[in-house]
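Here is what each chain is made of, one letter per residue.
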There are 2 protein chains.
Amino acid sequence: MANINQDYLKLPGSYLFSAIGKRVRAYEEAHPEKRVIRLGIGDVTQPLVPAVIDALHRAVEEMGEAQTFRGYAPDLGYAFLRKAIAENDYVKRGCDISEDEIFISDGAKCDCGNIQEIFGKDNRVAVCDPVYPVYVDSNVMAGRTGKYDEKTGRYEGVIYMPCTQENGFVPDIPGEVPDLIYLCFPNNPTGAVISKQKLQKWVDYANDYGCVILYDAAYEAYISDPDIPHSIYECRGARRCAIEFRSFSKTAGFTGLRLGFTVVPRSLEVQGVPLWPLWARRHGTKYNGAPYIVQRAGEAVYSEEGRQQVREQIAYYMENAGYIYDGLKAAGYHVYGGVNAPYIWLKTPRGMTSWEFFEHLLSRANVVGTPGAGFGPSGEAYLRLTAFGRREDTIEAVERIKDAGIL
Amino acid sequence: MANINQDYLKLPGSYLFSAIGKRVRAYEEAHPEKRVIRLGIGDVTQPLVPAVIDALHRAVEEMGEAQTFRGYAPDLGYAFLRKAIAENDYVKRGCDISEDEIFISDGAKCDCGNIQEIFGKDNRVAVCDPVYPVYVDSNVMAGRTGKYDEKTGRYEGVIYMPCTQENGFVPDIPGEVPDLIYLCFPNNPTGAVISKQKLQKWVDYANDYGCVILYDAAYEAYISDPDIPHSIYECRGARRCAIEFRSFSKTAGFTGLRLGFTVVPRSLEVQGVPLWPLWARRHGTKYNGAPYIVQRAGEAVYSEEGRQQVREQIAYYMENAGYIYDGLKAAGYHVYGGVNAPYIWLKTPRGMTSWEFFEHLLSRANVVGTPGAGFGPSGEAYLRLTAFGRREDTIEAVERIKDAGIL
């Protein structure tokens, strides 16, 4: 008789963003006259840039002709895209990463969720708190945690690294030594960034203790400060301890197009076993490549025209971030992030829980944020707003929050 | 100190098709004057049909305009596609499957590889022998098997169900009761099909013993015989014991576009736990949807125009199958499959092993097949040819094989 993966039953309720979606839909059905502005889920609103649209049309044409039709993609992704990535994202920044260390995928969420598979079940996982839920949930599903404790909002067996106002939302090295360390900078959800010096300390620590850092750099394109590292491979020794995840979702508005990549350096070994062949095997066995047309779209992001257009789009979102940050700060809110990141981390007023504040914002300002508690216990009493809305919506949302008399 | 998933080390060598690719590239580099014809990997060669190309262009246009841009897709996939699938693939065939039981994905390979995650580690897995390697390899990676035995070509702990000339390449109910049963019809690699009566026996067996059938129907579009079931849900009681995988890869030439779906009926329970929410949770946590433009392309396959064009493409490939089947049979080979399936299962001549025959075909006829042994021990002494080549290549390949004097 078949039996299920009992670890799935440890997960309380549904995936955070599905849960929020349901509440918002329920509110909208009950109040059809209200126009709800969504600054909750980190989804972009600006259309794909012209260079990407052109590349897509061209690639679609190719797929319609026998001479240029493409079937299955190469296992690691097309060389034209891996080459563009290696050159632009790594070599130009002084990182020693070659194209055959880049694995093209349909997004960082999948890769972040799947990467844990190549590690043993008894690895001790450390995550920031608050944290992007996928890191934790995928490890719960794999049986790498104990039970969920409703009171603390934590799973047994996970090392939580609080990111608070006190430490500038950058975690301290934990007391207990972990095996796998998830780091994400610029951070989702807090919008915090990490200095190169501090990131170097993590890399040194990982090399000293034999940890692997799983570095999510999905938001690196939002960094404007020249001293903030875009890649963990800007640090010495990172090739021996770190895997990096990147995404086109926020860099170029690909949330609905799906493209990302993972970097596994050839020199990264665990117990003398190189990780590159393990991830290659996972990729080759359980994945079949990103669509050719989407890989061509990704290539176009690195063209001169594409780079310029994408930069403008990011600037647009970062101006949104400025409106939210400045507007709410001026109104008396405590506001974090939003400078080198598209997320604003808002302290809830008057001692509200983050779900209370979420409900207040939804019902009184008709604005959707993401309750910080959904990202972990240290996210309690915070709420995440994103800069990915339309300009007019963003400005209106800020005005509505100011006028809602919540403070 | 981190450690790796030791189960990955049980996998011998690389993924079958990667291994073949390497040998073929090595041959081509050594013999640049030879034109190699690939009838090995099951990749299509005909361009996408006009209805699909038009839908792609239209969807790309939408992605370039702010008013029609789409970000993250709904968790299960867009309703327009799920509706088209439910109506055309299920309701029209008398299957009681509704659109909310359909999970859109980027292909059946991923879903077949990932589905095992929602089951416990101690489920006993039964597979056909020979078999599509993903079913076995994904279970090896999950630790659901013992070691690989080089002598027998089998993993400890897996129930292999031989599919041989004697049983018409349709497995018999195994002596030992499994928990999870992988079935694939029309079959890859043998090209065999299963009658509704025989499939009903499997469904009844699964319901009697509490097994779950993981039914891969990726090739159902190639069925021409009206008595052969296209879906396992044509059988009574399948909603209580079966998950079905479908793909647009072979139906509509989407190998490079990536689209598939999985059906998990609401009434399918294991130990009283419905599987639908488990798969929904996996989908929501570790996957982020197929591209909007690709889902629109999938929808176009179900339009009147699309259906007609895709039917013609399938007819083209099935004529190829006829050329291979008839040509090699007339030449004295023992040939199976190829009637309701795009695969021809060829007995190796003169007692050759399947890798020996592969090398003969490559070096003497410059034709690539897939060695049957790569699909499991009962595939030894067979070779798979696919009907997905271009017409002129297919005809030439058959002539070359005839002329190579291998028989």
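Residues numbered from 1 in each chain as written. Chains lettered and ligands numbered in written order. Predicted model: local features only at pLDDT ≥ 70, side-chain atom pairs only at ≥ 80, totals over all residues.

Undergrad: Which parts of the structure should I look at to understand the overall build of chain A?
TA: A tally of regular secondary structure across chain A gives 12 helices and 17 strands. In terms of C-alpha radius of gyration, chain A reaches 21 Å, essentially the compact-globule figure of 22 Å for 407 residues. In terms of overall dimensions, chain A has C-alpha extents of about 60 × 55 × 50 Å along its principal axes. Counting only residues that meet the buried cut, chain A has 57% of its 407 residues in that class. Considering only contacts in chain A between residues 6 or more positions apart, those separated by 24 or more positions represent 73%. (Helix = DSSP H or I, 4+ residues; strand = E, 2+ residues; numbered from the N terminus. Rg over C-alpha atoms; globule rule 2.2 N^0.38 Å. Buried ≥ 20, exposed ≤ 12 C-beta atoms within 10 Å, placed from the backbone. Contact = placed C-beta atoms within 7 Å.)

Undergrad: Any chance you could explain the packing of helix 2 (residues 50-63) of chain B against helix 9 (residues 292-301) of chain B here in plain terms?
TA: How two helices pack is summed up by the angle between their axes together with the distance between the axes. Residue and element names in this part refer to chain B. Here helix 2 crosses helix 9 at 145°, and the two axes come no closer than 8 Å. For the crossing formed where helix 2 meets helix 9, the hand is right-handed. Residues Ala51, Val52, Ala55, Leu56, Ala59, Val60 and Met63 of helix 2 form the contact with helix 9, whose own contacting residues are Tyr292, Ile293, Arg296, Ala297, Glu299, Ala300 and Val301. (Axes fitted to C-alpha atoms, helices over the stretch in contact; angles between N-to-C directions. Left-handed = near helix turned anticlockwise from the far one by under 90°.)

Undergrad: Any chance you could explain the domain arrangement of chain A here in plain terms?
TA: In many reports, interface size means the accessible area that the parts give up when they come together. All names here are of chain A. When the domains of chain A are assigned, the result is domain 1 (13-42 + 305-403) and domain 2 (52-302). Here the C-alpha centroids of domain 1 and domain 2 sit 25 Å apart. Listing elements by their share of the side of domain 1 that touches domain 2, those giving two or more residues are helix 10 (304-330), strand 13 (335-337) and strand 14 (343-347). Taken together, the residues that form the side of domain 1 that touches domain 2 break down as 14 nonpolar, 11 polar and 2 charged. (Domains from an automatic or database assignment. Nonpolar A, V, L, I, M, F, W, Y, C, P; charged D, E, K, R; others polar.)

Undergrad: Hey, could you run me through the environment of Leu9 of chain A in this one?
TA: Locating Leu9 of chain A in the fold gives a position in the segment before helix 1 (16-30). Counting along the chain gives 139 residues from Leu9 of chain A to Tyr148 of chain A, while the straight-line C-alpha distance between them is 10.0 Å.

Undergrad: Please clarify how helix 11 (residues 354-365) of chain A should be interpreted in this entry.
TA: Working note: α-helix, 3.6 residues per turn, so residues spaced by three or four point in the same direction. Residue and element names in this part refer to chain A. In a regular helix each residue adds 1.5 Å, so 12 residues correspond to 16 Å; helix 11 covers 15 Å between its end C-alpha atoms and thus fits that length. Every buried residue belonging to helix 11 is among Ser354, Phe357, Phe358, His360, Leu361, Leu362 and Ala365, and all of these are buried. On the buried face of helix 11, the contacting elements are helix 1, strand 15 (367-368), strand 16 (370-371), strand 17 (382-386) and helix 12 (391-403). Asn366 lies just past helix 11 and shows a positive phi near 55°. (Expected span 1.5 Å × (residues − 1).)

Undergrad: Any chance you could explain the relation of the copies chain A and chain B here in plain terms?
TA: Two chain copies, one operation linking them: a rotation about an axis together with a shift along it. With an RMSD of 0.0 Å, chain A superimposes on chain B once it is rotated by 180° and translated 0.0 Å along the axis. This pairing of chains is accounted for by a two-fold axis. For chain A, the residue whose C-alpha comes nearest the rotation axis is His57 of chain A, separated from it by 3.1 Å. Most of the interface of chain A is mirrored in chain B: 100% of its interface residues are interface residues there too. (Least-squares fit on C-alpha atoms with pLDDT ≥ 70 in both.)

Undergrad: Where do I start with the interface of chain A and chain B in this structure?
TA: The interface is formed by 68 residues belonging to chain A together with 68 residues belonging to chain B. Secondary-structure elements contributing two or more residues to the side of chain A that touches chain B are helix 2 (50-63), helix 4 (108-114), helix 5 (133-141), helix 8 (275-286) and helix 9 (292-301) of chain A. Looking at the side of chain A that touches chain B, its residues break down into 34 nonpolar, 22 polar and 12 charged.

Undergrad: What's the story with the pairing of strand 14 of chain A in this structure? I'm lost.
TA: When a strand is regular, its side chains alternate between the sheet's two faces. Residues and elements named next belong to chain A. When you tally the buried positions in strand 14, you get 4 out of 5 residues, the bulk of the element. Adjacent in sequence and paired antiparallel, strand 13 and strand 14 are bridged by 5 residues, among which Gly338 carries a positive phi angle near 75°. Bridging between strand 14 and strand 17 involves 5 bridges; their strand directions are antiparallel. Bridge pairing in strand 17 places Leu346 opposite Leu383. (Pairing = 2+ DSSP bridges.)

Undergrad: Quick question: what am I supposed to make of the sheet that holds strand 13 of chain A here?
TA: Adjacent strands of a sheet pair through backbone hydrogen bonds, lying either parallel or antiparallel. Strand order in the open sheet formed by 4 strands is 13-14-17-16 (chain A), with antiparallel pairing between adjacent strands. Two strands bound the open sheet, and with one partner strand each, they are strand 13 and strand 16 of chain A.

Undergrad: Sorry if this is basic, but what is going on with the sheet that holds strand 9 (residues 242-247) of chain B here?
TA: Residues and elements named next belong to chain B. Ordered by their spatial adjacency, 7 strands build an open sheet running 2-10-9-8-7-3-6, and the pairing between neighbours is mixed. Because the sheet does not close on itself, it has two edges, and the strands there are strand 2 (102-105) and strand 6 (159-162). With direction set aside, neighbouring strand axes in the sheet form an average angle of 20°.

Undergrad: Hey, could you run me through the nonpolar core in this one?
TA: Taken as a class, soluble globular proteins show a tendency for nonpolar side chains to be buried jointly. If you look at the biggest cluster of nonpolar residues, it comprises 274 residues, and the most contacted ones within it are Val127, Tyr182 and Ile213 of chain A together with Val127 and Ile213 of chain B. Contacts of Val127 of chain A, omitting those with residues within four sequence positions, involve Tyr135, Val136, Val158, Tyr160, Met161 and Tyr182 of chain A. (Core = buried A, V, L, I, M, F, W, Y, C linked by C-beta atoms within 7 Å.)

Undergrad: So what exactly am I meant to see when it comes to the pairing of strand 2 of chain B here?
TA: All names here are of chain B. By the alternation rule, side chains of strand 2 split into Ile102 and Ile104 and Phe103 and Ser105, which are all buried. For strand 2 and strand 10 (residues 260-263), the ladder comprises 4 bridges, and the chain directions are antiparallel. Residue pairing across strands places Ile104 opposite Phe261, the latter belonging to strand 10.

Undergrad: Whenever I open this one, the environment of Ile159 of chain A confuses me. Can you help?
TA: All names here are of chain A. Mapped onto the elements, Ile159 comes out in strand 6 (residues 159-162). Sequence separation of Ile159 and Leu180 is 21 residues, and the distance between their C-alpha atoms is 9.9 Å. Excluding residues that lie within four positions of it along the chain, Ile159 makes contacts with Arg124, Val125, Ala126, Pro174, Glu176 and Pro178.

Undergrad: Could you clarify how one ought to interpret the environment of Gln46 of chain A in this entry?
TA: Summarising the element assignment, Gln46 of chain A is placed in the loop between strand 1 (37-38) and helix 2. Put simply, Gln46 of chain A and Ala252 of chain A are 206 residues apart on the chain and 9.4 Å apart in space, counted from C-alpha to C-alpha. Excluding anything up to four places from it in sequence, Gln46 of chain A contacts Gly253, Gln313 and Tyr316 of chain A together with Ala66 of chain B.

Undergrad: Explain unusual backbone geometry to me, please; I cannot follow it from the model alone.
TA: Where the residue is not glycine, phi is negative for most of them; where a peptide bond is considered, it is trans in most cases. With an omega of 20°, the peptide bond between Asn188 of chain A and Pro189 of chain A qualifies as cis. Within the secondary structure layout, Pro189 of chain A lies in the loop between strand 7 (180-184) and helix 6 (196-209). Residue Phe185 of chain B is joined to Pro186 of chain B through a cis peptide bond whose omega torsion reads -10°. The backbone phi angle of Ala381 of chain A is positive, close to 75°, even though this residue is not glycine. Mapped onto the elements of the fold, Ala381 of chain A is located in the loop between strand 16 and strand 17. With 18 C-beta atoms packed within 10 Å, Ala381 of chain A lands in the partly exposed category. Phi at Arg350 of chain B is positive, roughly 50°, even though this residue is not glycine. As for its position among the elements, Arg350 of chain B is in the loop between strand 14 (343-347) and helix 11 (354-365).

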